[in-house]
Amino acid sequence: MDIQIISSDTQEKFCPIRGERTQNLLDRLAKEVDPEGVDTIEREAIEVLSHCSNPTIDKVQSSTSLVVGYVQSGKTMSFTTLSALASDNGYRIIIYFAGIKDNLVEQTSERLREDLLDDGNNNQVYKLHENPTIDEAQRIKSELLLSSKPTILITIHKNPNRINKLIELLSTTTVSHEIGKKGVMIIDDEADQASLNGYAYKNSKNHSENWEDDAEFTSTYRAILKLRSILPNHSYVQYTATPQGPLLISLLDLLSPKYHTVLT
């Protein structure tokens, strides 16, 4: 595999702006969070998105970043705000790895219905799919073609079976043609759980010339890499309260974050 190093000086800086969808969410958050808190949530979401790939630039690009927040620090509120901001700035699909337990997928979907879909008031703005299969390919294609340009929200259980079903769906001619180089965001909640390669330490002990060919990968890690490989223009954002794993993996690992934001 050839690795091309791109100087950061040659990359166009992505400067996200607050749009109507973000403002709509912030206005509702203001009913339960003080003004200073709302400003902080927005500022940190803008910081996270500014390190993501620019979805409006028609070229192959990707980014990996890390968001660290202690327990009860507002991580879910952060990634729903990030989602609205991403939607305002051209992202058409947002995928959520909602955790390794089935009930977490339901919880994440319910939170998105409450925060982004506003319990049905924003059904024209966002389209939510929970653990979709290839049978929903035509429906997702139709939603991508809508003149209102809704953002497709996809919540899935973080296991290889579900991720591979999503890969199958996104790889269909029906959907892949419409995605093209449109911006896709992947939000990995509890990114320290299951996402990283559990065989990394074992692989590091392999000193043979063909160690890359002999390397072992855990099934979830392999599925995540495969999903990223089929998305020409995407950003991978890891959320966690325990960042040691993502921070200490090899810098050459494709899940190694290049930027980080600490939630306050």
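Structure first, text after, so check above.
A brief report on the enclosed structure follows. (Residues numbered from 1 in each chain as written. Predicted model: local features only at pLDDT ≥ 70, side-chain atom pairs only at ≥ 80, totals over all residues. Heavy atoms only, no water.)

**A few points about the overall build of the chain**
Phase 1: What the chain contains, in helices and strands, is 11 helices and seven strands.
Phase 2: Buried positions account for 50% of the 264 residues belonging to the chain.
Phase 3: Contacts spanning at least 24 positions in sequence make up 81% of the contacts within the chain whose residues lie at least 6 apart. (Helix = DSSP H or I, 4+ residues; strand = E, 2+ residues; numbered from the N terminus. Buried < 20%, exposed > 50% of the residue type's maximum accessible area, 1.4 Å probe, protein only. Contact = heavy atoms within 4.5 Å.)

**Some thoughts on the sheet that holds strand S7 (residues 259-262)**
Phase 1: Taken in spatial order, the seven strands make up an open sheet running S3-S4-S2-S5-S6-S1-S7, and their pairing is parallel. On the outer flanks of this sheet lie strand S3 (126-130) and S7, each paired with one strand and no other. For this sheet the average axis-to-axis angle between neighbouring strands, irrespective of direction, equals 20°.
Phase 2: Bridge count between strand S5 (residues 184-189) and strand S6 (residues 233-240): six bridges; the pairing is parallel. (Pairing = 2+ DSSP bridges. Axes fitted to C-alpha atoms, helices over the stretch in contact; angles between N-to-C directions.)

**Looking at the packing of aromatic side chains**
Phase 1: The tally for this structure, following the rule as stated, stands at three aromatic pairs.
Phase 2: Judged by centre distance (5.6 Å) and plane angle (80°), the ring pair of phenylalanine 79 and tyrosine 239 falls under edge-to-face. Here tyrosine 239 lies in strand S6 and phenylalanine 79 lies in helix H3 (residues 75-88), a separation of 160 residues in the sequence.
Phase 3: Using a relative accessible area of 2% as the deciding quantity, one classes phenylalanine 79 as buried. (Phe/Tyr/Trp six-rings, centres within 6.5 Å; stacked < 30°, edge-to-face > 60°.)

**Details of helix H2 (residues 35-50)**
Phase 1: If you check H2, its first and last C-alpha atoms are 23 Å apart, about what 16 residues at 1.5 Å a residue would give, namely 22 Å.
Phase 2: Against the buried residues of H2 lie helix H1 (20-29), strand S1 (61-68), H3, S5, S6 and S7.
Phase 3: The distance from a side-chain oxygen at the start of H2 to the backbone nitrogen of glutamate 36 is 3.1 Å, and the residue carrying that oxygen is aspartate 34. (Expected span 1.5 Å × (residues − 1). Polar contact = N/O pair within 3.5 Å; in protein donor to acceptor, adjacent residues only side chain to side chain.)

**Observations regarding the environment of lysine 141**
Phase 1: By the secondary structure assignment, lysine 141 is in helix H5 (residues 137-144).
Phase 2: Accessibility expressed as a relative area gives 25% for lysine 141, which makes it partly exposed.
Phase 3: Remark: the alpha-carbon pair of lysine 141 and leucine 170, spanning 29 residues in sequence, is separated by 9.9 Å.
Phase 4: Once residues within four sequence positions are removed from consideration, lysine 141 is found in contact with Thr174 and Glu178.

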